[in-house]
Amino acid sequence: MVPAASGVHIPLKNASAVSFITYEDDGTTIATIKESIDGASEQALDCDVYPHKAPGVGGTWTAMAEQDDTLALGADTTNDCMVFTVDASQLSAGFNCVEVTVDGGICIAVLHDLTVQRKPANLARNVV
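Here is what the cut-offs are and how they apply
Residues numbered from 1 in each chain as written. Predicted model: local features only at pLDDT ≥ 70, side-chain atom pairs only at ≥ 80, totals over all residues. Heavy atoms only, no water. Core = buried A, V, L, I, M, F, W, Y, C linked by side-chain atoms within 4.5 Å. Buried < 20%, exposed > 50% of the residue type's maximum accessible area, 1.4 Å probe, protein only. Helix = DSSP H or I, 4+ residues; strand = E, 2+ residues; numbered from the N terminus. Contact = heavy atoms within 4.5 Å. Pairing = 2+ DSSP bridges.

(A) How the structure looks around the nonpolar core. Counting residues in hydrophobic clusters, the biggest one holds 26 residues, and the most contacted among them are V18, F20, I33, F84, V86, V98 and V100. Elements that contribute at least two residues to this core include exactly β1 (8–11), β2 (15–23), β3 (30–37), β8 (81–87), β9 (97–102) and β10 (106–114). Those residues in contact with V98 that sit more than four places away from it in its chain are V8, H9, I10, L12, V18, F20, I33, K34, V86 and L91.

Have a look at this one:
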């Protein structure tokens, strides 16, 4: 897990996906998704993601419209939290990192489905 993930390149070399959880603190959240090669040569990630939104405390997750490299939670006064997943298979050939930048609020990244299981102390760096 990367607790402060906005603007950080998350490598998917040893994981099959990463989920991003955003929480707005200024009335709106726009998340921009990019891909890179070890943190360099970044470009917009042209893939479809299926975000969900919910209140930050309690409530029900609701599917949002399919979106691509820019996700907008908007000025939704009820739902101030958003989650979406990027699979490693969605990256372009030769690209191995995902970067999400939010214009305000909190962004957390959760890596899942490690290709090689290991103890937390033996994990490689989870950011570039």
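Still more ground to cover, so stick around.
(B) Inspection of the sheet that holds strand β5 (residues 52–54) at higher detail. Read across the sheet, 5 strands follow the order β6-β5-β8-β2-β10 without closing on themselves; strand pairing throughout is antiparallel. Because the sheet does not close on itself, it has two edges, and the strands there are β6 (62–63) and β10. With 8 bridges connecting them, β2 and β10 associate as antiparallel partners. Paired with V18 across the bridge in β10 is L111.

(C) A look at the pairing of strand β4 (residues 40–44). Pairing between β3 and β4: 3 bridges, direction antiparallel. Paired with I37 across the bridge in β4 is A40. What sits between β3 and β4 in their antiparallel hairpin is a turn of 2 residues, with D38 showing a positive phi close to 50°.

Remember that the coordinates give geometry; whether it matters functionally is a separate question.
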